[in-house]
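Here's the letter readout for the chains.
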Amino acid sequence: MSVALVTGSAGLIGSEAARHFAGLGLDVVGVDNDMRRYFFGDDGSTAWSLLRLTNDLDEAYSHFDTDIRDRDGLAQIFKKYGTDISVVIHAAGQPSHDWAAKEPYTDFDVNAVGTLNVLESTRQHCPEAAFIHCSTNKVYGDRPNQLPLRELETRYEIEPGHPYQSGIAEDMSIDGCLHSIFGVSKVAADVMTQEYGRYFGLRTANFRAGTMTGSAHSAAELHGYLAYLMRCVMEGRTYNLYGYKGKMVRDAIHSHDVLTAFEAFFRDPRSAEVYNLGGGRFCNASHIEAFRLAEEITGRESKINYIDQARVGDHQWWISSMAKFQSHYPGWRPRYDLPTILREMYEANVEVWVPR
Ligand SMILES: NC(=O)c1ccc[n+]([C@@H]2O[C@H](COP(=O)([O-])OP(=O)(O)OC[C@H]3O[C@@H](n4cnc5c(N)ncnc54)[C@H](O)[C@@H]3O)[C@@H](O)[C@H]2O)c1
């Protein structure tokens, strides 16, 4: 028996991971306590996703409603499956900048200490397993905002010829910049994941993602911006757009493409790696551009409330370089560009996100 243990298994990445690894023939053990509902209210609850997962995967999926902060409870799950666990995908977390400042203890306990709990359980019970941590590009804090940018009609763009023109690489420093409370709890988790590779020899990787997205996202205002943007356009809700005249650029990667990258690492794991993970030049947009595309797809006009003040530490321009990952795993290619992502979101929700 080969088991994939997935934390945050009802969330966007966790649920895609559960389906993906079940599709490869592994038994999947999921850990998720719907804490996203506590963070973001009913819009954010992942209960619907868990229901779908248990229906779809049936006996291939076993669920534990355990909090990753519950060290002993978590260890019991790892003990039960032991060395049958061949891959751990750690996708449970508090994912929002803004929310973290409301409850710094909770944010740090979930993101930093929770990650330590998952790492230590892996070391104790399945040290040979590939360990994948969903880190974030927020570990670079607001340093990307120091890049030389030009303002174009609908977006910011990096100066032509800059070494990061095709995307920001992992050699960007994480020091000496503003991280936000969330950024710091994720840095702690990221560095600890590296250390369990370097110090204990575990096969760990941090995937430092920008925007990961897909129709399985429980779209809430404070997290999951592309899904939330699409939801607002479809429902006729007003979207609060903070700062940079809506010209800030993000790349986006569909959860399917995230999982093919995770699978590549699982098949040939390395130790203590860090990889930026995003749609790169293949899939990116400014907010304004994303709204235009959403309007084309839905045939509806968006309602945007522009607010001058940017969110603290928000990136003005982020496009990931996938060069390091692709040099290690040359077979990997992203499949979903932005129109495909937004169209899929529209089609999946056309009967749910109706005008109000
Ligand atoms: N989606 C993105 O754009 C993005 C970008 C960069 C990094 N990340 C990171 O990737 C990870 C997964 O992101 P996502 O978009 O799938 O998030 P998500 O919120 O959709 O999923 C996370 C899941 O973890 C669960 N969870 C939270 N706290 C828990 C706890 N204490 N115990 C057990 N379960 C808990 C939640 O209920 C939720 O179902 C997060 O750590 C996030 O910080 C996400």
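Thresholds, definitions, all that
- Residues numbered from 1 in each chain as written.
- Predicted model: local features only at pLDDT ≥ 70, side-chain atom pairs only at ≥ 80, totals over all residues.
- Heavy atoms only, no water.
- Near = heavy atom within 4 Å.
- Polar contact = N/O pair within 3.5 Å; in protein donor to acceptor, adjacent residues only side chain to side chain.
- Helix = DSSP H or I, 4+ residues; strand = E, 2+ residues; numbered from the N terminus.
- Nonpolar A, V, L, I, M, F, W, Y, C, P; charged D, E, K, R; others polar.
- Buried < 20%, exposed > 50% of the residue type's maximum accessible area, 1.4 Å probe, protein only.
- Core = buried A, V, L, I, M, F, W, Y, C linked by side-chain atoms within 4.5 Å.
- Contact = heavy atoms within 4.5 Å.

Draft legend 1. Highlighting the site of the ligand. Looking at the ligand, there are 30 residues lining it, with Asp32, Arg36, Asp67, Lys186 and Gly210 nearest. Separating an oxygen atom of the ligand from a backbone N or O atom of isoleucine 13 is a distance of 2.9 Å. Those elements that place two or more of their residues in the shell around the ligand are α1 (12-23), α2 (35-40), β5 (130-136) and β9 (211-213). Residues belonging to the shell around the ligand are distributed by class as follows: 13 nonpolar, 12 polar and five charged.

Draft legend 2. Looking closely at unusual backbone geometry. Phi at aspartate 58 is positive, roughly 50°, even though this residue is not glycine. Positionally, aspartate 58 belongs in the loop between α3 (47-57) and β3 (61-64). Even without being a glycine, alanine 272 presents a positive backbone phi close to 60°. The exposure class assigned to alanine 272 is buried, which follows from its relative accessible area of 9%.

Draft legend 3. Structural detail: the nonpolar core. If you look at the biggest cluster of nonpolar residues, it comprises 37 residues, and the most contacted ones within it are Phe21, Val87, Phe207, Phe262, Leu277 and Phe325. For this core, the elements supplying multiple residues, two or more each, are β1 (3-7), α1, α3, β4 (85-90), β5, β8 (203-209), α9 (255-267) and β12 (273-277). It is α9 that contributes the most residues to this core, seven residues altogether. When near neighbours in sequence (up to four residues on either side) are disregarded, phenylalanine 325 contacts Phe207, Ala261, Ala264, Tyr275 and Trp332. Judged by nonpolar contacts, the second largest core, of 27 residues, contains Leu226, Val233, Ala252 and Trp353.

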